[in-house]
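# Fold and contact review
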Amino acid sequence: MDEVSLSFELPACCNADEVFRLLCDFSSYPRYSDRVLSVDCKALANSTQPTSLWRVKFREGILQWTEADHIDPQKRLIKFELVDGDLEAFSGFWAIENTAIGAQAILFYAKFDLGIPSLSHMLNPLAHEALSSNANKIVTGLLETLGDFIPQKPNLSTPSHVG
C-alpha cells in the first residue's frame, strides 16, 4: 500500500472549529478541485454512520467509491475507510491539530491500493500526486472561503495520528 501524508499550517486568523466544519462538508469539495466530480453524502440503512459516494477524475477515467466516514468534532478528526468501489483499499483521516510551534494545522493522511499489482510501479506515483494535489486544492479552497488566506505549499511530514 502507498501513503500520502500532508500538513497545512492554518493562518492565525482562522478559527479551527469553523475550518473543521468546512472540512466536514464533503459535498462542497467539487467547488475546490476540478478533479473531484461529485461527493454525495448519506447515512447507511440502519446506521447513524455517514457514508459518502465519491466520483473523481483519475488519468483518462473516473474512479468511484463509497467510504464510511467517522466524524469526531471534539477531536476535530474525520476518519474514512473504503466500503466499496474501484479501489482495492483506501483509508485515512483529516484532522486539525496543534503543531510543535504552537500553531494549528490541517493534517491529511491516506493509505491506498489501486488493486492492480502489475501496474502499481506506474500508477501509485500518479495516484499519490492526484491525492496530494486534490487535498491541496481542497484545503486552499476551504480557507479562501474564510478570506485573507495566502496559499502555501503543504508540509510532507507524518501526522501524529499515523501509527
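Refer to the preceding data block for the structure.
Because the structure is a prediction, the values reported are computed rather than measured.

### Details of the overall build of the protein
- On a plain count of helices and strands, the protein comes out with two helices and seven strands.
- In the protein, the order of α-helices and β-strands from amino to carboxyl end is β-α-β-β-β-β-β-β-α.
- The 163 residues of the protein split such that 41% are buried.
- The long-range share in the protein, meaning contacts at least 24 apart out of those at least 6 apart in sequence, stands at 48%.
- Approximately 8,900 Å² of the protein is accessible, and the part contributed by carbon and sulfur atoms is 50%.

### Topic: the state of the cysteines
- Under the criterion given, the structure shown has zero disulfides.
- In this structure C13 is a free cysteine whose sulfur lies 4.4 Å from that of C14, the closest cysteine sulfur available.
- When its relative accessible area of 11% is taken as the criterion, C14 is described as buried.

### Concerning the packing of aromatic side chains
- All told, the structure shown has 10 aromatic pairs when counted by the stated rule.
- Between F80 and F108, the aromatic rings sit 6.3 Å apart at their centres with planes inclined by 20°, giving stacked as the arrangement. Taken together, the residues span a long stretch of sequence, with F80 in strand β5 (residues 77-85) and F108 in strand β7 (residues 104-113) at a distance of 28 residues. There is no split in this pair, since F80 and F108 are both buried.
- Among the aromatic residues, those joined into a cluster by ring pairs are F26, Y29, W54, W65, F80, F90, W94 and F108.

### Some thoughts on the sheet that holds strand β6 (residues 89-98)
- Read from one edge to the other, the open sheet built from seven strands follows the order β1-β7-β6-β5-β4-β3-β2, with strand pairing classed as antiparallel. In the strand order of this sheet, the two ends are held by β1 (2-9) and β2 (36-43), each with one partner. For this sheet, the mean inter-axis angle between neighbouring strands, taken without regard to orientation, is 20°.
- Across 10 bridges, the pairing between β6 and β7 is antiparallel. Residue pairing in the sheet places E97 in a bridge with A105 of β7.
- Sheet contacts for helix α1 (residues 16-23): β4 (61-72), β5, β6 and β7; angle to β6, the most-contacted strand, approximately 165°.
- Packed on one face of the sheet, helix α2 (residues 120-145) meets β1, β2, β3 (50-58), β6 and β7 and runs near 20° to β1.

### Points about the pairing of β5
- Across eight bridges, the pairing between β4 and β5 is antiparallel. Across the sheet, residue I71 finds its bridge partner in β5, namely I78.
- A loop of four residues connects β4 with β5, the two strands running antiparallel in sequence, and R76 in this loop sits at a positive phi of about 50°.
- Sheet topology note: the β5/β6 ladder contains five bridges and is antiparallel.

Analysis parameters
One numbering rule holds for all chains: residues counted from 1, following each sequence as written. For this predicted model, a pLDDT threshold of at least 70 governs which residues receive local features, and a threshold of 80 or more governs which side-chain atom pairs are given and counted, while totals over whole chains, interfaces and linings are taken from all residues. Values reported for side chains reflect all heavy atoms of the structure, with hydrogen atoms and water molecules removed beforehand. Put simply, DSSP H or I for four residues or longer makes a helix, DSSP E for two residues or longer makes a strand, and each gets a number counted from the N terminus. Burial classes: relative accessible area under 20% of the type maximum marks a residue as buried, over 50% as exposed, and values in between as partly exposed (1.4 Å probe, protein chains only). Whether two residues touch is decided by their heavy atoms; if any such pair falls within 4.5 Å, the residues are in contact. With residues, only the protein chains shown are counted as cover, and all accessible areas are computed by Shrake-Rupley using a 1.4 Å probe. Note on disulfides: each one is a pair of cysteine sulfur atoms within 2.5 Å. Stacked, tilted and edge-to-face are the three classes assigned to paired rings of Phe, Tyr and Trp, where Trp is represented by its six-membered ring and a pair needs centres within 6.5 Å; plane angles under 30 degrees give stacked, over 60 edge-to-face, the rest tilted. Only strands that DSSP links by at least two bridges are regarded as paired with each other. Fitted lines through C-alpha atoms give the axes, limited to the stretch in contact for helices. The angle between two N-to-C directions lies from 0 to 180 degrees.

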